[in-house]
Amino acid sequence: MRLLALAAALSFAGAVLAADYSGPLFDTHLHYNDEAQGPYPLPDVLARMQRNGVKAIVANSRTNDGTKALAASPQTSQAGVTVVPFVRLYRTRADYDNWFRDESVYTMVQTELASGTAAGPYRGLGEFHLYDSANANGPVARKLMALAEEKNLAVLAHVDDAAIDLLMANTPSKGQKVRLIWAHTGIGGAPIGRVEQLLAKYPLLMGELSYRPGLTCEGGKLCPEWRALLLKYPTRFMIGSDTWVNQRWAQYDDLMKGYRTWLGDLPVDAARRIGWDNAASLFGVK
Ligand SMILES: [Zn+2]
């Protein structure tokens, strides 16, 4: 009898642990690019967020008009979505490979920062990419990192671990005071020990987890070493959709469901931090 009760209690605990995370989500890596706006008009993308419990987004779009449209529409607030706007550095795909040395990108950033959005001032810069980490030392990359620290703007950077160090070195505080969000926490799969080392070295470094290799294992559950890292640093990670191509909009429901599945592997408070609180406190979203 006691054994049966124990078995029942254990299976109940198992069921509770296995339940998907059901709290709010903060999508910290969302693009609403030019080519998305035809097939996925504003009411459609807002409906996708709403039905997935996405209550806030970091919006950064090529061009910035997509972000401004999200910020300005009364439908966005009606859908219960708060927009945290970032300045995207790209006007066209060609800017991906040249922004770090293109003075006209710096000028564009200044113009955007001065004008802001209907949802308020821009809160960050990026996403930007560095396919060769040495370009973190490009003249415009240096200026933008210094500007980010000076103006307390977050930075969303799709870079490798070597570029994290280089970008940080280009700020007045040498990376101690800049809010760098590492897109994908290293899409090339930086070793987990290296991720941990960077988190320890830079107290405001945050990891965004879309596309992160090795994060999830069988059944979409967290792999053990990642679960351990998230539990060691529960205040340092965030989730995002990365709707960089239209296919990601088509997959939006599945992406968010995937997050809810593995967040459900964590204790509720850690899940809520990663799913919502970390970004909400970073950007002052209630
Ligand atoms: Zn992206």
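Residues numbered from 1 in each chain as written. Predicted model: local features only at pLDDT ≥ 70, side-chain atom pairs only at ≥ 80, totals over all residues. Heavy atoms only, no water.

1. With respect to the side chain of Arg 260
Along the polypeptide, Arg 260 turns up in helix α11 (residues 252–263). Comment: no salt bridge for buried Arg 260; closest opposite-charge side chain is Asp 20, at 7.1 Å. Polar side-chain contacts of Arg 260 include one of 2.8 Å to the backbone oxygen of Gly 23. The contacts of Arg 260, once residues within four sequence positions are left out, are Asp 20, Tyr 21, Ser 22, Gly 23, Leu 25, Asn 52 and Gly 53. (Helix = DSSP H or I, 4+ residues; strand = E, 2+ residues; numbered from the N terminus. Buried < 20%, exposed > 50% of the residue type's maximum accessible area, 1.4 Å probe, protein only. Lys, Arg positive; Asp, Glu negative; His and termini not counted. Salt bridge = Lys/Arg side-chain N within 4 Å of Asp/Glu carboxyl O. Polar contact = N/O pair within 3.5 Å; in protein donor to acceptor, adjacent residues only side chain to side chain. Contact = heavy atoms within 4.5 Å.)

2. Considering α11
When the terminal C-alpha atoms of α11 are compared, their 17 Å separation across 12 residues agrees well with the 16 Å that a helix rising 1.5 Å per residue should span. All buried positions along α11 are accounted for by Tyr 252, Leu 255, Met 256, Tyr 259, Arg 260, Thr 261, Trp 262 and Leu 263. (Expected span 1.5 Å × (residues − 1).)

3. Structural notes on the packing of helix α7 (residues 161–169) against helix α8 (residues 192–201)
One can describe the packing of α7 onto α8 by two numbers: an axis separation of 11 Å at closest approach and a directional angle of 15°. With respect to their mutual orientation, α7 and α8 come out roughly parallel. The hand of the α7/α8 crossing is left-handed. Packed against α7, whose contacting residues are Asp 161, Ala 162, Ile 164 and Asp 165, the element α8 presents Arg 194, Leu 198 and Lys 201 at the interface. Considered class by class, the residues forming the contact of α7 with α8 number three nonpolar, no polar and four charged. (Axes fitted to C-alpha atoms, helices over the stretch in contact; angles between N-to-C directions. Parallel < 35°, antiparallel > 145°, perpendicular 65-115°, else oblique. Left-handed = near helix turned anticlockwise from the far one by under 90°. Nonpolar A, V, L, I, M, F, W, Y, C, P; charged D, E, K, R; others polar.)

4. So, the coordination of the zinc ion
Looking at the metal site, the zinc ion is ligated by His 29 (NE2), His 31 (NE2), Glu 127 (OE) and Asp 242 (OD), spaced 2.0 to 2.3 Å from it. Geometry at the zinc ion is irregular, judged from the four donor atoms that bind it and their angles of 88 to 173° at the metal. We classify Glu 127 as buried; its relative accessible area is 1%. (Donors = N, O, S within 2.8 Å, 3.2 Å for Na, K, Ca; no water. Tetrahedral: all angles 85-135°; square planar, octahedral: opposite > 155°, others 65-115°.)

5. Observations regarding the sheet that holds strand β1 (residues 25–30)
One open sheet accounts for eight strands, arranged β1-β2-β3-β4-β5-β6-β7-β8; its pairing is parallel. Because the sheet does not close on itself, it has two edges, and the strands there are β1 and β8 (237–238). Pairing of strand β7 (residues 206–208) with β8, which is carried by two bridges, proceeds in the parallel orientation. Each bridged residue has a counterpart across the sheet, and for Glu 208 the counterpart in β8 is Met 238. The sheet strands contacting helix α12 (residues 268–283) are β1, β2 (54–59), β3 (82–87), β5 (154–158), β6 (180–182), β7 and β8, and the helix crosses β1 at an angle near 70°. (Pairing = 2+ DSSP bridges.)

6. Remarks on a nonpolar patch on the surface
Together, Ile 187, Tyr 211 and Trp 244 make up an exposed nonpolar region whose accessible area comes to about 260 Å². Relative to the assigned elements, Ile 187 resides in the loop between β6 and α8. By relative accessible area, which is 35% here, Ile 187 ends up partly exposed. (Patch = residues over 30% accessible without salt bridge, like charges linked within 9 Å, V, L, I, M, F, W, Y side chains within 5 Å. Areas by Shrake-Rupley, 256 points an atom, 1.4 Å probe, with all protein chains shown as cover.)

7. Some points on the state of the cysteines
Under the definition given, this model contains one disulfide. Two residues, Cys 217 and Cys 223, share a disulfide whose sulfurs are 2.0 Å apart. A torsion of 110° about the S-S bond marks the disulfide between Cys 217 and Cys 223 as right-handed. With a relative accessible area of 41%, Cys 217 lands in the partly exposed category. (Disulfide = S-S within 2.5 Å.)

8. Section: the nonpolar core
Judged by nonpolar contacts, the single largest core of 94 residues is most densely connected at Phe 26, Met 49, Leu 70, Trp 99, Phe 128, Trp 262 and Phe 283. Ranked by the residues each element gives to this core, the list is headed by α12, at eight residues. Among all residues touching Phe 26, those that are not within four sequence positions of it are Ala 56, Ile 57, Val 58, Val 84, Ile 239, Gly 275, Trp 276, Ala 279, Ala 280, Phe 283 and Val 285. (Core = buried A, V, L, I, M, F, W, Y, C linked by side-chain atoms within 4.5 Å.)

These figures come from the coordinates and say nothing about function on their own.
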